[in-house]
Number of protein chains: 2
Amino acid sequence: MDNRPIGFLDSGVGGLTVVKELMRQLPDEEVVYIGDSSRAPYGSRPVEQIRKFTWEMVNFLLSKNVKMIVFACNTATAVAWEEVKSKLDIPVLGVILPGASAAIKATQIGKIAIIGTVMTIKSDIYREKVQLLSPSLAVKSLACPKFVPIVESNETKSSVAKKVVYQTLKPLVGQVDTLILGCTHYPLLRPIIQNVMGNEVKLIDSGAECVRDISVLLNYFEINRERIDLKLRHQFFTTASSQAFDQIAENWLQIPVKSRTIKL
Amino acid sequence: MDNRPIGFLDSGVGGLTVVKELMRQLPDEEVVYIGDSSRAPYGSRPVEQIRKFTWEMVNFLLSKNVKMIVFACNTATAVAWEEVKSKLDIPVLGVILPGASAAIKATQIGKIAIIGTVMTIKSDIYREKVQLLSPSLAVKSLACPKFVPIVESNETKSSVAKKVVYQTLKPLVGQVDTLILGCTHYPLLRPIIQNVMGNEVKLIDSGAECVRDISVLLNYFEINRERIDLKLRHQFFTTASSQAFDQIAENWLQIPVKSRTIKL
């Protein structure tokens with residue numbers, strides 16, 4: 001057993017979709033969250049910069065004495081997960097492998113699409129992982145650089161959001177039966193995405209899938225939190241406005257959130 | 001990726017229930033199985049002996065160049081899993097934590113029972129793990145020393161089996177809504193157990209739960225088998241009659257099995 005918190009990192013607020021799923025599946029675990037909203041989106045930045053920013057968040061989480069780090073960000077996972085995982089002596093999870101595995105299990109017709117940031121799509125890591133595990137699958141991918149700014153500005157219900165999602169995803173409609181939301185911001189746009197793609201298309205939430213893995217690894221490494229002291233003190237940090245962060249976080253998590261603004 | 005096989009060990013044929021689930025969930029992974037039927041059941045033996053026998057099986061599997069070892073045996077898990085896991089540099093999985101976690105999620109009324117061998121029940125490890133994760137749950141446990149011999153002698157459909165299961169489980173009927181099959185032999189008696197306990201009781205198959213964890217750990221350690229070469233060569237070894245083993249294995253796995261008898 002290990003009563004230290006689990007650390008989550010993301011370029012902004014998208015990783016909260018993973019935290020929400022954690023709170024549902026593992027309600028006794030404590031969270032430290034860092035979202036780098038002042039530098040979001042990561043997805044269109046150069047690799048070396050993403051790598052540096054990710055390490056800054058990792059080091060911040062380590063200073064908070066976390067027992068595990070979750071890359072609740074596909075872009076950071078694509079760029080730096082393997083490196084960070086190999087260098088730390090606590091478990092480090094990414095969102096890509098859980099998402100890829102879930103999609104392989106979900107597809108009936110063998111046609112999958114992945115949407116993500118420019119960097120995630122350019123890295124081609126989803127296609128690579130899916131096809132290593134299942135070479136016969138047809139994998140399409142599409143960068144959606146306009147989605148993260150919509151989520152970060154809390155405009156997920158606006159008519160602009162609907163228009164952008166519709167126009168962006170049009171090339172995929174009718175082409176696949178499974179769509180990986182390869183960016184943790186995208187579940188906040190899920191109703192619109194589902195509407196555009198059609199109800200028969202399975203949406204794979206890479207972050208939610210990742211929580212199943214968190215649970216298994218807590219067991220494997222025997223670092224679950226004891227249920228004796230139920231007083232949880234989640235901590236949220238952002239590099240941008242804490243007010244804006246709290247608004248999105250409270251709306252999404254349905255709990256009171258008092259984040260602190262920090263500089264990385 | 002890692003194309004080496006996964007090693008499974010059990011006191012006898014019970015671990016085949018885990019292998020069956022593996023073949024369903026992860027059909028591309030290759031299996032090396034060792035069942036120590038000549039010395040089964042382990043459950044009533046002294047701890048030191050179980051520990052020694054388990055290490056003999058572990059070393060046998062290591063000689064077969066496995067990439068992961070699965071303790072498909074609750075008794076061996078209770079006695080030696082933590083020690084073996086801490087000494088090897090490949091992942092080592094047990095069946096107890098996955099089973100305990102699944103039961104906690106499954107129960108609606110907070111009343112769980114565990115059935116297992118004398119040793120598994122005496123170790124109290126299931127209760128310990130369940131109550132660490134969820135102290136408020138009421139946990140009953142019951143040793144069922146007569147079940148393994150029935151399975152090992154391939155009499156799971158006999159009237160004797162029905163009578164023994166009925167008489168053994170009587171004290172638990174109506175007491176719980178979730179029953180952990182805390183021995184990998186017991187799923188072979190599942191229809192009878194379900195019948196005795198009633199259809200509303202959830203039976204947790206610790207072995208099947210464990211396969212979910214195998215999948216996550218293959219991802220986490222990046223040791224999935226590539227799907228490029230689909231020619232799988234599963235290997236089965238027993239310390240007793242290979243004919244008797246093959247009969248049970250073919251019946252259970254529904255594939256041709258040619259096991260080899262070895263001496264540990």
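Residues numbered from 1 in each chain as written. Chains lettered and ligands numbered in written order. Predicted model: local features only at pLDDT ≥ 70, side-chain atom pairs only at ≥ 80, totals over all residues. Heavy atoms only, no water.

What follows concerns the sheet that holds strand E1 (residues 6–10) of chain B. Residue and element names in this part refer to chain B. Taken in spatial order, the six strands make up an open sheet running E4-E3-E1-E2-E9-E10, and their pairing is parallel. For this open sheet the edge positions go to strand E4 (92–93) and strand E10 (260–261), each flanked by a neighbour on one side alone. Both E1 and strand E2 (residues 31–35) contribute to a ladder of five bridges, which runs parallel. From the neighbouring strand, Gly-7 faces E2, where its bridge partner is Val-32. In this fold helix H2 (residues 47–63) packs onto E1, E2, strand E3 (68–71) and strand E9 (235–238), with an angle of close to 160° to the strand it touches most, E1. (Pairing = 2+ DSSP bridges. Helix = DSSP H or I, 4+ residues; strand = E, 2+ residues; numbered from the N terminus. Contact = heavy atoms within 4.5 Å. Axes fitted to C-alpha atoms, helices over the stretch in contact; angles between N-to-C directions.)

For the rest of this paragraph, the subject is the UniProt feature "active site" (unreviewed entry) in chain A. Residues and elements named next belong to chain A. UniProt annotation of "active site" (unreviewed entry) refers to Cys-73 and Cys-183 when read in the numbering used here. Their sequence span is 111 residues, while the largest C-alpha to C-alpha distance among them is just 6.4 Å; these annotated residues converge on one region. Tracing the sequence through the fold places Cys-73 in the loop between strand E3 (68–71) and helix H3 (74–87). Judged by relative accessible area, Cys-73 falls into the buried class, the value being 3%. Sequence-distant contacts of Cys-73, defined by excluding residues within four places in its chain, comprise Leu-9, Asp-10, Ser-11, Val-95 and Thr-184. Among the structural elements, Cys-183 can be located in the loop between strand E7 (178–181) and helix H9 (190–197). In contact with Cys-183, other than residues within four places in its own chain, are Asn-74, Ile-115, Gly-116, Thr-117, Val-148 and Ser-206. (UniProt positions renumbered as here; feature names shortened; annotations may be inferred. Buried < 20%, exposed > 50% of the residue type's maximum accessible area, 1.4 Å probe, protein only.)

Here we take up the packing of aromatic side chains. On inspection of all chains with the given rule, the structure shows 16 aromatic pairs over all chains. With 5.7 Å between their ring centres and 50° between their planes, Tyr42(A) and Phe53(A) make a pair best called tilted. Here Phe53(A) lies in helix H2 (residues 47–63) and Tyr42(A) lies in the loop between strand E2 (31–35) and H2, a separation of 11 residues in the sequence. By relative accessible area, which is 1% here, Tyr42(A) ends up buried. Where Tyr220(B) meets Phe221(B), the ring centres are 5.1 Å apart and the plane angle is 80°; that geometry is what we call edge-to-face. (Phe/Tyr/Trp six-rings, centres within 6.5 Å; stacked < 30°, edge-to-face > 60°.)

Here we take up the interface of chain B and chain A. Taken residue by residue, the interface counts 29 residues in chain B and 28 residues in chain A. Contact between chain B and chain A buries roughly 2600 Å² in total, counting both sides, with carbon and sulfur atoms accounting for 56%. At the junction of chain B with chain A, the criterion picks out four salt bridges. Here Lys129(B) and Glu222(A) are joined by a salt bridge, their closest N and O atoms 3.8 Å apart. Inspection of the region where chain B meets chain A yields eight residue pairs in polar contact (both at pLDDT 80 or more). Those elements that place two or more of their residues in the side of chain B that touches chain A are helix H3 (74–87), E4, helix H4 (96–106), helix H6 (125–133) and helix H10 (206–220) of chain B. Here the side of chain B that touches chain A takes seven residues from H10(B), the largest share from any one element. (Buried area = accessible area lost by both parts, 1.4 Å probe. Salt bridge = Lys/Arg side-chain N within 4 Å of Asp/Glu carboxyl O. Polar contact = N/O pair within 3.5 Å; in protein donor to acceptor, adjacent residues only side chain to side chain.)

A few words on the environment of Tyr166(B). Structurally, Tyr166(B) can be placed in helix H8 (residues 159–169). Separated by 30 residues in sequence, Tyr166(B) and Val196(B) place their C-alpha atoms 5.9 Å apart.

All names here are of chain A. As for its placement among the helices and strands, Ile-180 is situated in strand E7. When its relative accessible area of 0% is taken as the criterion, Ile-180 is described as buried. Sequence spacing of Ile-180 and Ala-102 is 78 residues, and the spatial spacing of their C-alpha atoms is 8.9 Å. Discounting residues that sit within four places of it in the chain, Ile-180 has contacts with Gly-99, Ala-100, Ala-103, Ile-112, Ala-113, Ile-114, Ile-115, Tyr-126 and Ile-204.

Mapped onto the elements of the fold, Asp246(A) is located in helix H11 (residues 242–253). In this view, Asp246(A) contacts Val257(A), Lys258(A) and Ser259(A); residues no more than four positions away in its chain are not counted.

The next point concerns the sheet that holds strand E9 (residues 235–238) of chain A. Consider a sheet: its strands pair through backbone hydrogen bonds, and that pairing is either parallel or antiparallel. Residue and element names in this part refer to chain A. Reading across the sheet, the six strands line up as E4-E3-E1-E2-E9-E10 and stay open at both edges, with parallel pairing between neighbours. A single partner strand is all that each edge strand has here, and the edge strands are strand E4 (92–93) and strand E10 (260–261). Across two bridges, the pairing between E9 and E10 is parallel. Paired with Thr-238 across the strands is Thr-261, a residue of E10. With respect to the sheet, H2 is in contact with strand E1 (6–10), E2, E3 and E9, its orientation differing from that of E1 by roughly 160°. Packed on one face of the sheet, helix H10 (residues 206–220) meets E1, E3 and E4 and runs near 165° to E3.

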